[in-house]
Amino acid sequence: MNEPVTNIDPRFSDPDAVATPWDETRRVLETAELFWISTVRADGRPHMTPLVAVWLNGTLYFTTGATEQKALNLRRNPRVILMTGCNHWDAGLDVVVEGDAIRITDDDLLERLASAWATKWDGRWQYEGRGGGLHHKHGGMAFVFEVKPSKILAFAKGTFSHTRHQF
């Protein structure tokens, strides 16, 4: 992945704030245990739900069942926002990823992602990548989507800053 162009938006930042470095933003994406995804329903209403995701090689990956609302929404409109961070007002970093969610069916990549899920959660998420999805050892298949970011926003708190990482 190419390094993004990083800029602070002074309109929404404290006067003494500096841009959040890309390495710090990337660490949040790599270590976050929970994300929130926002998609758009067929009638235009928003849909938001929590999920787990994996950041691998500059791309964010998540799973969904074929009949879940987010999967239905993505069939019509691939644009998504994924968010992670903390619920503290005066400390931490909130991160927003914008991009298109594209379904992954390549079995080699799915196997690498199955390994990444198992590693990130100490073996609690056990999948096998095959047949166009991730298969759970207790049954069931999940679709996998990738989001290659077009833009990532980082909102630092304490000393408030609004940083844009543009790809």
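For clarity, every value in this text was computed on a predicted model and none was experimentally measured.

**Overview of the pairing of strand β2 (residues 35-40)**
Note: β2 against strand β3 (residues 46-51), six bridges, orientation antiparallel. Residue Thr-39 lies in a different strand from β3, and its bridge partner there is His-47. Hairpin connection between β2 and β3: a loop of five residues separates the two successive antiparallel strands, and Gly-44 in this loop has a positive phi of roughly 95°.

**Quick notes on unusual backbone geometry**
Phi at Asn-57 takes a positive value of approximately 50°, unusual for a residue other than glycine. Here Asn-57 is to be found in the loop between β4 (53-56) and β5 (59-64). The phi dihedral of Asp-122 falls on the positive side, at around 50°, and the residue is not glycine. Counting through the fold element by element, Asp-122 comes out in the loop between α3 (107-120) and β8 (127-130).

**Remarks on the pattern of salt bridges**
For the structure on display, the rule yields eight salt bridges. Arg-26 is paired through a salt bridge with Asp-23; the nearest N and O atoms lie 2.9 Å apart. In this pair, Arg-26 and Asp-23 are both assigned in helix α1 (residues 22-31), three residues apart and thus about one turn of the helix distant. Because the salt bridges share partners, they merge into one network encompassing Asp-23, Arg-26 and Glu-30.

**What about the packing of aromatic side chains?**
Under the defined criterion, the tally for this structure stands at seven aromatic pairs. With 6.2 Å between their ring centres and 65° between their planes, Trp-22 and Trp-55 make a pair best called edge-to-face. Separated by 33 residues along the polypeptide, Trp-22 in helix α1 and Trp-55 in strand β4 bring together distant segments of the chain. The same class applies to Trp-22 and to Trp-55, which are both buried. Summarising the aromatic geometry, the rings of Trp-125 and Tyr-127 are spaced 6.2 Å apart at their centres and angled 35° between planes, so their arrangement reads as tilted.

About the thresholds
Residues numbered from 1 in each chain as written. Predicted model: local features only at pLDDT ≥ 70, side-chain atom pairs only at ≥ 80, totals over all residues. Heavy atoms only, no water. Pairing = 2+ DSSP bridges. Helix = DSSP H or I, 4+ residues; strand = E, 2+ residues; numbered from the N terminus. Salt bridge = Lys/Arg side-chain N within 4 Å of Asp/Glu carboxyl O. Phe/Tyr/Trp six-rings, centres within 6.5 Å; stacked < 30°, edge-to-face > 60°. Buried < 20%, exposed > 50% of the residue type's maximum accessible area, 1.4 Å probe, protein only.

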